[in-house]
Amino acid sequence: CTEQEEKFKGVCYFYSPIYYLNLHNDDYEGALKWCLTAEPDQVMACTKGLGSRAMKYNLSDPKLVESICENGSIDQKPICIDGMISYYLVNFESLNKGRDLCAGLKPENAAICLTSLESRSSLFGE
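Cut-offs and rules
Residues numbered from 1 in each chain as written. Predicted model: local features only at pLDDT ≥ 70, side-chain atom pairs only at ≥ 80, totals over all residues. Heavy atoms only, no water. Core = buried A, V, L, I, M, F, W, Y, C linked by side-chain atoms within 4.5 Å. Buried < 20%, exposed > 50% of the residue type's maximum accessible area, 1.4 Å probe, protein only. Helix = DSSP H or I, 4+ residues; strand = E, 2+ residues; numbered from the N terminus. Contact = heavy atoms within 4.5 Å. Disulfide = S-S within 2.5 Å. Salt bridge = Lys/Arg side-chain N within 4 Å of Asp/Glu carboxyl O.

A.B. asks: Can you lay out the nonpolar core for me, pointing to particular residues and giving the numbers?
C.D. replies: Ranked by internal contacts, the top residues of the largest apolar core, which has 26 residues, are Ile 85 and Cys 113. Every element with two or more residues in this core is listed here: helix 1 (6–23), helix 2 (28–35), helix 3 (43–57), helix 4 (62–70), helix 5 (76–92), helix 6 (95–103) and helix 7 (107–118). Setting aside its immediate chain neighbours within four residues, Cys 113 contacts Ile 81, Ile 85, Leu 101, Cys 102 and Leu 105. By size, the runner-up hydrophobic cluster in this structure holds six residues, among which are Tyr 13, Ala 38, Val 43 and Ala 45.

A.B. asks: For the state of the cysteines, give the residues involved together with the corresponding values.
C.D. replies: Enumeration according to the criterion identifies four disulfides in this entry. Bridging Cys 1 to Cys 12, the disulfide has an S-S length of 2.1 Å. Note on the Cys 1 and Cys 12 pair: the S-S dihedral is about -85°, so by sign convention the disulfide is left-handed. Of this pair, Cys 1 sits in the segment before helix 1 while Cys 12 sits in helix 1, placing them eleven residues apart in sequence.

A.B. asks: I'd like to hear about the pattern of salt bridges, residue by residue, with values.
C.D. replies: On inspection of all chains with the given rule, the structure shows eight salt bridges. Note that Lys 106 is salt-bridged to Glu 70, the shortest N-O span being 3.0 Å. Of this pair, Lys 106 sits in the loop between helix 6 and helix 7 while Glu 70 sits in helix 4, placing them 36 residues apart in sequence. Given a relative accessible area of 36%, Lys 106 falls into the partly exposed group. Overall, the relative accessible area of 26% leaves Glu 70 in the partly exposed class. Arg 120 is the partner of Asp 82 in a salt bridge, and the nearest nitrogen-oxygen pair spans 2.8 Å. In this pair, Asp 82 is assigned in helix 5 and Arg 120 in the segment after helix 7, connecting sequence segments 38 residues apart.

A.B. asks: Just give me the short version of the environment of Val 11, but keep the residues and values in it.
C.D. replies: With respect to the helices and strands, the residue Val 11 is situated in helix 1. As a C-alpha pair, Val 11 and Gln 42 span 31 residues in sequence and 9.5 Å in three-dimensional space.

Right, here's the structure in full:
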């Protein structure tokens, strides 16, 4: 990603966890640490991408994805959860299903999840 034009770096870093997870047999904890080695202004794009990817691969187990996000640094956790809910909303196309997901998380993570969800509410006609 470091070789990409500036305008493409965010997208590259968002999707870079796919590459890492393919090489490291779904090592989500390692991927979170790896994201910390990204260019400083791209760490969060990588972390958000990891949350999204973890949700895609573990759609039926949101608690597992929550635990993956909790393994990140204090700064990574909310971004990872944001990636988690973003993928969930894309998959189910429903704010109500997203709210149900958030309600099933630990209270501090549920608050992060709901904030992320509400920031996307204008995208839905519910």
